[in-house]
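Structural description and commentary
Letter by letter, the chains look like this.
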Amino acid sequence: MYTVDLNSDLGESFGNYKIGNDDKIIPLISSANVACGYHASDPVVMGNTLAMAKEAGIRIGAHPGFPDLMGFGRRNLSVSPAEAKAYVLYQLGALDAFCRVTGVKMQHVKPHGALYNMAAEDYALSTAICEAIKEFDSSLIVLALSGGQLAKAAQDMGLRTAMEVFADRAYEEDGTLVNRRKEGAVITDENEAIVRVIRMVKEKKITAITGKDIDIQADSVCVHGDGAKALAFVEKIREAFAKEGIQISSLDEFVK
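Residues numbered from 1 in each chain as written. Predicted model: local features only at pLDDT ≥ 70, side-chain atom pairs only at ≥ 80, totals over all residues. Heavy atoms only, no water.

Digging into the overall build of the chain
Per the secondary structure count, the chain includes eight helices and 10 strands. Along the first, second and third principal axes, the C-alpha set of the chain runs to 40 × 40 × 35 Å. Buried residues in the chain amount to 54% of all 256 residues. Taking the contacts inside the chain whose residues are at least 6 apart along the sequence as the reference set, 72% of them involve residues at least 24 apart. Put simply, the chain shows about 11,000 Å² of open surface, and 50% of that area lies on carbon and sulfur atoms. Between the centroid of the 28 positive side chains of the chain and the centroid of its 35 negative side chains there is a distance of 2 Å. (Helix = DSSP H or I, 4+ residues; strand = E, 2+ residues; numbered from the N terminus. Buried < 20%, exposed > 50% of the residue type's maximum accessible area, 1.4 Å probe, protein only. Contact = heavy atoms within 4.5 Å. Areas by Shrake-Rupley, 256 points an atom, 1.4 Å probe, with all protein chains shown as cover. Lys, Arg positive; Asp, Glu negative; His and termini not counted. Charge placed at Lys NZ, Arg CZ, Asp CG, Glu CD.)

Dropping the structure here:
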């Protein structure tokens, strides 16, 4: 039996602007990465998202990003490690306030967008992020791109680390995600996505956009909550996992 976490980036609506199908996706996943107000979300959305997650019995993670609402946190910002550490710590505190009053415990931390992708290639930035996490709560799991620098920094710092893969994104040969501006960066065919994910879990391989097979570790599979076919992806992935003998469990149940 293979075991994997199924996560989605949620709570990314803002005021009157609704993003994603959180209410439909939450019951189908095992972990939710909740936006903390910098790249998306607001206090009302954060509270409502945690309430839905608690009712569904799924685990909560913080999804801190750059302070960039206009760019949805997907634009690279030039920040020092000290600034990045402060940004992450600030957002962990914001989400933790809602965790406390909702009666749930934070399980993990997964950076968002540009912060996530930059950290995957920048050990110094990753170390700053991990310092914030460790100083805030050393029991938290760091959810990081498989094989990236954030995963390495987290492991070096003695933090529990889970390797993440993406159902709806293409990969470069070095294991990084293909830039969204490039053609083919986002997988829109849910059947193709499912075949790729099953291979990542069972064979620990993925075919890069160049056609070359690369190694990959799939502790957690992400489906972006703002994707046009996010709900269809999650539904079909769950169905395929059941047929393939892949058990869906939250990270806390198997990440040591």
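Concerning helix 8 (residues 230-244)
With 15 residues, helix 8 should reach 21 Å at 1.5 Å per residue; the first-to-last C-alpha distance of 21 Å fits that figure. In this fold, the buried residues of helix 8 make contact with strand 1 (2-10), helix 1 (22-25), helix 7 (190-203), strand 9 (220-224) and strand 10 (246-248). Residue Gly245 follows helix 8 closely and has a positive phi angle near 75°. (Expected span 1.5 Å × (residues − 1).)

Considerations on the packing of helix 7 against helix 8
For any two helices packed against each other, one specifies the crossing angle of their axes together with the interaxial distance. Look at helix 7 against helix 8: their axes get within 10 Å of each other, and the N-to-C directions meet at 45°. The angle between the axes of helix 7 and helix 8 places the two elements in the oblique class. The chirality of how helix 7 crosses helix 8 is right-handed. Note on element contacts: helix 8 touches helix 7 through Ala232, Phe233, Lys236, Ile237, Ala240, Phe241 and Glu244, opposite Glu190, Asn191, Ala193, Ile194, Val197, Ile198, Val201 and Lys202. (Axes fitted to C-alpha atoms, helices over the stretch in contact; angles between N-to-C directions. Parallel < 35°, antiparallel > 145°, perpendicular 65-115°, else oblique. Left-handed = near helix turned anticlockwise from the far one by under 90°.)

Observations concerning the environment of Val234
Considering the arrangement of structural elements, one finds Val234 in helix 8. Through-space distance from the C-alpha of Val234 to that of Val223 is 6.9 Å; in sequence the pair is 11 residues apart. Among all residues touching Val234, those that are not within four sequence positions of it are Leu6, Ile25, Leu28, Ile29 and Val223.

What about the pattern of salt bridges?
For the structure on display, the rule yields 17 salt bridges. Across the pair Asp9 and Lys110 runs a salt bridge, and its minimum N-O distance is 2.9 Å. In this pair, Asp9 is assigned in strand 1 and Lys110 in the loop between strand 4 (106-109) and helix 4 (113-121), connecting sequence segments 101 residues apart. Overall, the relative accessible area of 3% leaves Asp9 in the buried class. Close ionic contact of Arg59 with Asp252 constitutes a salt bridge, the shortest N to O distance being 2.8 Å. Here Asp252 lies in the segment after strand 10 and Arg59 lies in strand 3 (residues 59-63), a separation of 193 residues in the sequence. When salt bridges that share partners are traced, they join Asp9, Lys110 and Glu164 into one network. (Salt bridge = Lys/Arg side-chain N within 4 Å of Asp/Glu carboxyl O.)

A look at unusual backbone geometry
Phi at Phe72 is positive, roughly 55°, even though this residue is not glycine. When its relative accessible area of 14% is taken as the criterion, Phe72 is described as buried. In this structure, Lys204 is a non-glycine residue whose phi angle is positive, near 55°. Accessibility expressed as a relative area gives 43% for Lys204, which makes it partly exposed.

So, the side chain of Ser126
Within the fold, Ser126 resides in helix 5 (residues 123-136). Beyond its immediate stretch of four places on either side in the chain, Ser126 contacts Ala119, Ala120, Gln149, Leu150 and Ala153.

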